[in-house]
Structures are given as C-alpha cells and as structure tokens.
Amino acid sequence: MGLFGITMRGKKKRSLELPSQAVLRQACLRPGRQVEMVVVTDAWGDQCDVRLSRLHDLDDQGRLLLAQTLPRLNSYMVGQILEITFLIVLHDLPGGRRLRVGYKTPLKAVWDNYLVRPSLRGDVLVVDGPQTLTRFTLRRHYRLPSDRLDGMEIYILPSRAQVQILDISVGGVRFSHPRASRLSVGTTVDLLLVHGRLAIPLEGKVVRNGTLGGRDDAQPFTAVRFSRLPAQQERQLTSLINDLQRGL
C-alpha cells in the first residue's frame, strides 16, 4: 500500500511538471504551428478575446512572424500586450497529455503584404520571441467578426433600431449605429439578437465608445458587455457562438 501510494503521488507530481524550455521551444516555435492569441484590452472591462493565428517563421532577431488575425490587429495597436499561447501534446505519460503554454509580450509591428519567404506573402504581426514559456489557461471569449455571423442581426430595444454588428462573443458585442453615440459608458441597454428562427433578448452595459482606427472621422462604435443572463438565454447564446466558431 505504501509503495503504491508513493508511486501514485509521484505520477501526479510528474503530470504537473513542465518539460524543459528546450523541449517546449522545439514543440511550439516551428513554422505552421497554430497560435491562440489573447488580446488584452479594456474594451470589455474584465473580458478579453482569443484570436486564431499561425506562426509563419522566426526572423534573425528571434522575433515571431505571426499571421494576421480576424478581426485584424492594426498598427495603432502596436505596444498593446498580447498573450501568445500554444497547445501541445506530450507523450511523457501513458496516453499522453495536452498542455497549453505561452507568454506575454507587446505587439511590435504590423506588416502588410510582407514577403515571409519566396513562396509566401501575407499580412504579418511581429512579436518578440519568448524568454520563458509557462503554463496558460484560456478562459476568454472567441470574438467572431461580422463576415462570419451568417445572417445574425441585433436590434436596440424598445425602438428595434437595427445596428451594424462589428464583432461578437459570448461576453459582449461591438456595433456601429448613428444612435449608438447617445449610449454613454455605464448605460444599461436592452438588445435583441435574431438568427434565423432564434431570438435571444440580451441585457448589457456600455463599456466603451470609440472609432475604428482611432481617428475622429472614422466609423464610430459602441462596445457592450453582456450582463449575467438567465440560464436558457446563456445556453442559447453560447451554443450559437460555438456553432459559428466551429464553422469558422
């Protein structure tokens, strides 16, 4: 019994250990590796967004050249802190184990139509490479852009004024509408989401007003963070967003 107990404790301890940094770097930092990038922003209060990317290559300074995301990260966001994460599979235990590791770093540059290598040209995000890769957990919301919403519509209640959806997640929505500028930060707003035969009433709070691109003459937007929803509405919204995310 004592020997069995020691063995089990040893296995449990080993399962929590991280491999060496050399092993982690070899698994993560290779061209083609998928990246889940957490964009840390105050637009949603305490919520952030996960955006999918891919590692194109490392340059001669050890910086990562990442594929542009949807929605895009623009040049005015240079300096913003990102969380760069990788999901890897290790075979150091029977049956293997999945592990997410990553690091925090500022966005260094945005290069459009960049020649990554002779056979590849594309829009690129540049970040410093990791000094140390540590364990990460994604507890954030995927944000879907407007061109991936497959007929979704949102209306401001009670006027039923339709807004132009810019992007949406389980945590909130960002939209543009001439009347949206009247919604000041902190205001509670009632919305109706319609998708096919599905209609979900949503309540939220305005957390930010701004303009796309940061220019005064650019398209204005309002960001709304959803309040705690009744269980049925929360399940409907989560299921819809997840279905659209899987389609993407």
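The shown structure was predicted, so the numbers you read here are calculated from the model rather than taken from an experiment. (Residues numbered from 1 in each chain as written. Predicted model: local features only at pLDDT ≥ 70, side-chain atom pairs only at ≥ 80, totals over all residues. Heavy atoms only, no water.)

Q: Could you give an account of the packing of aromatic side chains, with specific residues and numbers?
A: For any pair of aromatic rings, the description rests on two quantities: the centre-to-centre distance and the angle between the ring planes. On inspection of all chains with the given rule, the structure shows 1 aromatic pair. Ring plane angle 40° and centroid distance 4.8 Å describe the contact between W111 and Y114, whose orientation is recorded as tilted. Residue classification places W111 among the partly exposed residues on the basis of a relative accessible area of 26%. Here the guanidinium or amino end of R174 rests over the ring plane of F221, the centre of that ring lying 4.9 Å away. (Phe/Tyr/Trp six-rings, centres within 6.5 Å; stacked < 30°, edge-to-face > 60°. Buried < 20%, exposed > 50% of the residue type's maximum accessible area, 1.4 Å probe, protein only. Lys NZ or Arg CZ within 6 Å of the ring centre and 35° of its normal.)

Q: Account for unusual backbone geometry, naming residues and giving values.
A: With an omega dihedral of 5°, the bond running from L157 to P158 counts as a cis peptide bond. Inspection of the secondary structure puts P158 in the loop between β10 (153-157) and β11 (161-168). Of note in the backbone geometry, D150 takes a positive phi value of approximately 50° without being a glycine. With a phi close to 60°, R160 is a non-glycine residue in the positive phi region. Here R160 shows up in the loop between β10 and β11. (Helix = DSSP H or I, 4+ residues; strand = E, 2+ residues; numbered from the N terminus.)

Q: An account of the confidence of the model for the chain is needed here, citing residue identities and associated values.
A: Confidence in the prediction of the chain, expressed as mean pLDDT, is 82, and 84% of residues score 70 or more. The secondary-structure element of the chain with the lowest mean pLDDT is helix α1 (residues 2-16), recorded at 38, while strand β3 (residues 64-67) shows the highest, at 96. Confidence drops under a pLDDT of 50 for residues 1-15, and excluding neighbours within four residues, the segment shows 5 contacts in the predicted structure. Confidence drops under pLDDT 50 across residues 42-46; counting only partners more than four residues distant or on other chains, this segment forms 16 contacts. (pLDDT = per-residue confidence, 0-100. Contact = heavy atoms within 4.5 Å.)

Q: Tell me about the pairing of β10, and name the residues and values.
A: As defined by bridge partners, β10 adjoins strand β13 (residues 188-195) across 5 bridges and the pair is classed as antiparallel. The partner of I154 across the bridge, within β13, is L193. The pairing of β10 with β11 spans 3 bridges and is classified as antiparallel. Residue I154 lies in a different strand from β11, and its bridge partner there is V163. The hairpin formed by β10 and β11 contains 3 residues between the paired strands, and R160 there has a positive phi angle of roughly 60°. (Pairing = 2+ DSSP bridges.)

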